[in-house]
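# Architecture at a glance
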Amino acid sequence: MSALTTTPDGFLLDGAPLRIISGALHYFRVHPDHWPDRLRKARLMGLNTVETYIPWNLHQPEPGTLVLDGLLDLPRFLRLAATEGLHVLLRPGPYICAEWDGGGLPHWLTADPGIRPRSSDPRFTDAVDRYLDLLLPPLLPHMAASGGPVIAVQVENEYGAYGDDTAYLKHLEAALRTRGVEELLFTCDQADPEHLAKGSLPGVLATGTFGSRIDRSLARLREHQPQGPLMCSEFWIGWFDHWGGPHHGRDAADAAADLDRLLSAGASVNIYMFHGGTNFGFTNGANHHHTYAPTVTSYDYDAPLTEHGDPGPKYHAFREVIARHAPVPDEPVPAPARKLPPTTVELTHRRPLLTWAAAKSVPAPADPLSADALGRRAGYVLYRTTLPTEGPGLLHFTGGVGDRAQLFVDGAPVGVLERERQEETLPVLVPRAGAELHVLVENMGRVNYGPRIGTPKGLLGPVTFDGTPLHGWDCHPLPLDVPPPLPFAPDPTPRSAEPAFHHGTFEVGTPADTFLALPGWIKGQAWINGFHLGRYWNRGPQRTLYVPAPVLRPGTNDLVLLELHGTTATRAHLTDAPDLGPAAH
């Protein structure tokens, strides 16, 4: 049995002093075949601990279920960490933020407008309890009390920035304890007196989140908590990106100097992120402060270990800093992984989306149903109805769209509406009475921070044409977690401007990491061998999608794109270097 305890100024593990030097590594953002490699590289940088969140929404896609396989095989990840000799800080939420879809809260829960998330509302806490009843038993063997690597568990996440419901935090503390968690519990909040006061619990270690102003932040933490270890539980060394914004970076020397200040002050640290990874599939979150801003597919975070697992400038700089304060393995720094030779993929076949999707519908006799009412966490919904009159008119979408809608009249594109621009109306010219109106609505990622978590997706209210309500909708949910089994046909030319799936094959000798570049393509989704790489968009800043080597296979490989707009492109390219946009420090 291992036990992490505290002294007036530090930690003890089994009675021996321990400085926690940790890095964030989210198992659910890394291909499982790469977990051993990433954990080894964490140890070689000098880390003795790794930290990870647990995304409730993926582990429990429906009430009463629990998924613990593949990308979500957390017990395996914990076993691998232990094999590498690393301790683990576990952050089960239930809210995690993490720039993750919905902040990790399941859509089936937040879709109920009557529930107050992150509060002592019994409808919320009952759902949390039922989830923990399933989640914790398979994790308990990996806790320190059972000889496992997990030495500490977090209660909620930066709660002081959200609310002040102490009864809720106490409920979570008791929920962990009564289900067998004996390990040290901690909270984390921004190093702000108000946040620390609202987000802390008596008897639970308070830690801070900050990336600079080290002395001031530690002083504020010490003012709030006169005794106990000083710990920065999120030392921000980079940042995340939004579509249409800059690619964020932080100078390695600047970040290393602040890490040195932290360690010189005797503090423990969790570097956020050590290795960011990727928002594969439909997992990215979004911010919504003044406007809606979805996060890109890459979660590189300008971390020491790049999105594709190669040591970057911060890896070397941080290793040198850590070596001044703690033992660093006397082993070489890992070399960059081999990359696939540049390869061109011809996309020779296609299948239009509108005609394929029309076969699967849920009728809505009056107003259209939201994606949430249709039970969809992510993906698309295609809506269809008819327009009553011909001629020019104004389509109005009450409440706007969630989050981006493409409109088609008799199959011809007539415009785009975006939540990001707060657009609700579109002028159209209807060629005939009874013309078909299709509205393809894309969920760009659920808000992960603040009071807008749970904001619905799809069409959000009644739709009118020149004031006349449009009824009789067919609603077609398109989850598209995997590419549908489609009868592709040879690609005709010239190409139509309607959304379509495109298919091509390419040959691989020995699989290796690569990056999918799509010059000439506009916006959509990409799958290789059925693995959902995520969203692409020529809006940038991200210009390539990371393709992990385990996704590929020797011989023939399949690439499927869902391109949402017209394009004259017929090729994609696999390159040997990523392009996330020029870094703005």
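Below, the structure is looked at part by part.

The rules behind each value
Residues numbered from 1 in each chain as written. Predicted model: local features only at pLDDT ≥ 70, side-chain atom pairs only at ≥ 80, totals over all residues. Heavy atoms only, no water. Helix = DSSP H or I, 4+ residues; strand = E, 2+ residues; numbered from the N terminus. Expected span 1.5 Å × (residues − 1). Buried < 20%, exposed > 50% of the residue type's maximum accessible area, 1.4 Å probe, protein only. Arc of directions from axis to C-beta. Contact = heavy atoms within 4.5 Å. Polar contact = N/O pair within 3.5 Å; in protein donor to acceptor, adjacent residues only side chain to side chain. Pairing = 2+ DSSP bridges. Axes fitted to C-alpha atoms, helices over the stretch in contact; angles between N-to-C directions. 1 Å grid on protein atoms, 1.4 Å probe; cavity = no way out; pocket = protein on both sides within 12 Å on 5 of 7 lines; lining within 4 Å. Points joined across faces, edges and corners; volume = space filled by probe spheres on them.

## Quick word on helix 9 (residues 252-264)
- An ideal rise of 1.5 Å per residue puts 18 Å on 13 residues; helix 9 measures up with 18 Å between its terminal C-alpha atoms.
- Among the residues making up helix 9, those that are buried are Ala252, Ala255, Ala256, Asp258, Leu259, Leu262 and Leu263. Projection of helix 9 onto a plane perpendicular to its axis shows the buried side chains occupying an angular sector of 160°, all on one side.
- The inward-facing, buried residues of helix 9 abut strand 4 (21-25), strand 9 (205-210), helix 8 (214-224), strand 10 (231-236), strand 12 (268-275) and helix 10 (313-323).
- Looking at where helix 9 begins, the residue whose side-chain oxygen comes 3.1 Å from the main-chain nitrogen of Ala253 is Asp251.

## Focus on the sheet that holds strand 10
- If you walk around this closed barrel you meet the eight strands as 4-5-6-7-8-9-10-12, and the pairing is parallel. For this sheet the average axis-to-axis angle between neighbouring strands, irrespective of direction, equals 30°.
- The sheet contact formed by strand 8 (residues 184-190) and strand 9 spans five bridges and is parallel. When the sheet's bridge partners are listed, Phe186 is paired in strand 9 with Leu205.

## Topic: unusual backbone geometry
- Omega for the peptide link from Tyr272 to Met273 comes to 0°, which places this bond in the cis form.
- Note that Met273 resides in strand 12.
- Of note in this structure, Cys97 is not a glycine but carries a positive phi near 60°.
- By the secondary structure assignment, Cys97 is in the loop between strand 6 (87-91) and helix 4 (107-110).
- According to the relative accessible area criterion, Cys97 is buried, its value standing at 8%.

## Here's the deal with the sheet that holds strand 1 (residues 4-6)
- Read across the sheet, three strands follow the order 1-2-3 without closing on themselves; strand pairing throughout is antiparallel. In this open sheet, the two edge strands, each paired with only one partner strand, are strand 1 and strand 3 (16-18). Strand-to-strand, the axes of this sheet are offset by a mean angle of 45°, without reference to chain direction.
- Bridge analysis of strand 2 (residues 11-13) against strand 3 gives three bridges, and the strand direction is antiparallel. Within the sheet, the bridge partner assigned to Phe11 lies in strand 3 and is Leu18.

## Quick word on the side chain of Arg535
- As for its position among the elements, Arg535 is in strand 32 (residues 531-537).
- A distance of 3.0 Å separates a polar atom in the side chain of Arg535 from a polar atom in the side chain of Asn284.
- From its side chain, Arg535 meets the backbone oxygen of Asn443 in a polar contact 2.9 Å long.
- Among all residues touching Arg535, those that are not within four sequence positions of it are Trp243, Phe282, Asn284, Thr297, Glu442, Asn443, Met444, Lys523, Gly524, Gln525 and Leu545.

## Observations concerning the environment of Ala286
- Here Ala286 is to be found in strand 13 (residues 286-288).
- Along the primary structure Ala286 and Phe515 are separated by 229 residues, whereas in three dimensions their C-alpha atoms are 24 Å apart.
- Apart from residues lying up to four places away in sequence, Ala286 is in contact with Tyr292, Ala293, Pro294, Thr295, Gly445, Arg446, Val447, Asn448 and Tyr449.

## A word on the layout of surface pockets
- Its boundaries defined by the atoms lining it, the largest pocket holds a volume of some 610 Å³.
- Considering the residues around the largest pocket, the lining is formed by 26 residues, among which Leu58, Phe282, Thr283, Arg377 and Asp481 are closest to the centre.
- Taken together, the elements giving at least two residues each to the lining of the largest pocket come down to helix 2 (56-59), helix 4 and strand 32.

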